[in-house]
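Each chain is listed here by its residues.
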Amino acid sequence: MNTLIIGATGGIGAATARVLAAQGDTLTLSGRNEATLTALAAELGAAHHAADVGYESHVRALLEGVPPPLDTLVYAAGAALPEPLKDADPGHVRAVWNANYFGALWTLKHGLGRLNAGGRVYLLGARPELVTARGFSQYAASKAALARAAEVARLEHRGVGITLVLPPAVETGLWAQVGRVPRGALGPDAVARALVTDRAGEAQAELRIDG
């Protein structure tokens, strides 16, 4: 399988890369932290390209640099940066929307046409009931926008599977922006294994992962 993982330097992205490498996938990894990305790529024998998903030009160049055709595309980039609406910082708002929505939008725009017939796309979403909380207005809104964009993408690209991954709380570095990791949070490996299991079956609109 020829697979691209965007956001590979995060907890879920790195775990998914390791699980898919063990499955024998040919991997291309992308992320913003070049040192971490280079180390992970060397560990897994993968190609790698640093990119800032907030820029369409970066995402387009990344997709154009991956040998076609793709079998699997995983979008695991994300940001939270919680704060009350009254304190909403423009830089934080842009960072959250770039990671959670615009990066995924550019990935779908430039990636869907490069997938094999029957190829699979996995987008990391969020369960509304878990993110409707004080301080999470931009995180919740950007993830809701992603879910709606995925619905329309399915109508426009019926030859590929576009799956919104909906895990519970996951123990990743994202929680450093929030505070402590919630009790009972899943390890990122559990999300990675669920994704691989799902890929072996029929494509579905949502992949809800329970602890």
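See the structure above.
The structure presented is a predicted model; accordingly, all values stated were derived computationally and were not measured.

The subject of this paragraph is the overall build of the chain. Tallying secondary structure elements over the chain gives 7 helices and 7 strands in all. For the chain, the succession of helices and strands along the chain, N to C, is β-α-β-α-β-α-β-α-β-α-α-β-α-β. Since a compact globule built from 211 residues should have a radius of gyration of about 17 Å, the 16 Å found for the chain is in line with a globular shape. Considering only C-alpha atoms, the chain reaches an extent of 45 × 35 × 35 Å along its principal axes. Taking all 211 residues of the chain together, 46% fall into the buried category. A sequence separation of at least 24 residues applies to 66% of the contacts in the chain between residues at least 6 apart. Put simply, the chain shows about 10100 Å² of open surface, and 53% of that area lies on carbon and sulfur atoms. Positive and negative charge centroids in the chain, built from 19 and 19 side chains respectively, lie 4 Å apart.

All right, on to the sheet that holds strand E7 (residues 206-208) then. The strand order across the open sheet formed by 7 strands is E3-E2-E1-E4-E5-E6-E7, and the pairing between neighbours is parallel. Of all the strands in the sheet, just strand E3 (47-50) and E7 have a single pairing partner and so form its edges. On average, adjacent strands in this sheet sit at an angle of 15° to one another, irrespective of strand direction. Two elements, strand E5 (residues 115-124) and strand E6 (residues 161-166), share 5 bridges in a ladder whose sense is parallel. Within E6, the residue paired with Arg-120 across the bridge is Gly-161. Across the sheet, helix H2 (residues 34-44) is in contact with strand E2 (26-31) and E3; its angle to E2 comes to roughly 170°.

This part covers the packing of aromatic side chains. The relation between two aromatic rings is expressed through the spacing of the ring centres and the mutual angle of the planes. Under the definition given, this model contains 4 aromatic pairs. Ring geometry for Trp-97 against Tyr-101: centres 5.8 Å apart, planes inclined by 70°, an arrangement best described as edge-to-face. Placement of both Trp-97 and Tyr-101 in helix H4 (residues 90-111) is noted, with a separation of 4 residues, approximately one turn of the helix. Tyr-101 gets classed as buried once you look at its relative accessible area, which sits at 16%. What links up through ring pairs into an aromatic cluster is the set Trp-97, Tyr-101, Phe-102 and Trp-106.

Below, the discussion takes up the packing of helix H1 (residues 11-22) against helix H7 (residues 188-199). Running from N to C, H1 and H7 cross one another at 50°; their axes reach a closest spacing of 8 Å. As judged from the angle between their axes, H1 and H7 are oblique. Relative to H7, the crossing made by H1 is right-handed. Where H1 abuts H7, its residues Gly-11, Ile-12, Ala-15, Thr-16, Val-19 and Leu-20 lie against Pro-188, Asp-189, Val-191, Ala-192, Leu-195, Val-196 and Arg-199.

What follows concerns H1. Between its first and last C-alpha atoms H1 spans 17 Å; for 12 residues at 1.5 Å apiece the expected length is 16 Å, and the two agree. Within H1, the full set of buried residues consists of Ile-12, Gly-13, Ala-14, Ala-15, Thr-16, Ala-17, Val-19 and Leu-20. For H1, the elements touching its buried residues are strand E1 (2-6), E2, H2, strand E4 (70-75), E5 and H7. Looking one or two places after H1, you find Gly-24, whose phi comes out positive at around 95°.

Reading guide: rules and limits
Residues numbered from 1 in each chain as written. Predicted model: local features only at pLDDT ≥ 70, side-chain atom pairs only at ≥ 80, totals over all residues. Heavy atoms only, no water. Helix = DSSP H or I, 4+ residues; strand = E, 2+ residues; numbered from the N terminus. Rg over C-alpha atoms; globule rule 2.2 N^0.38 Å. Buried < 20%, exposed > 50% of the residue type's maximum accessible area, 1.4 Å probe, protein only. Contact = heavy atoms within 4.5 Å. Areas by Shrake-Rupley, 256 points an atom, 1.4 Å probe, with all protein chains shown as cover. Lys, Arg positive; Asp, Glu negative; His and termini not counted. Charge placed at Lys NZ, Arg CZ, Asp CG, Glu CD. Pairing = 2+ DSSP bridges. Axes fitted to C-alpha atoms, helices over the stretch in contact; angles between N-to-C directions. Phe/Tyr/Trp six-rings, centres within 6.5 Å; stacked < 30°, edge-to-face > 60°. Parallel < 35°, antiparallel > 145°, perpendicular 65-115°, else oblique. Left-handed = near helix turned anticlockwise from the far one by under 90°. Expected span 1.5 Å × (residues − 1).

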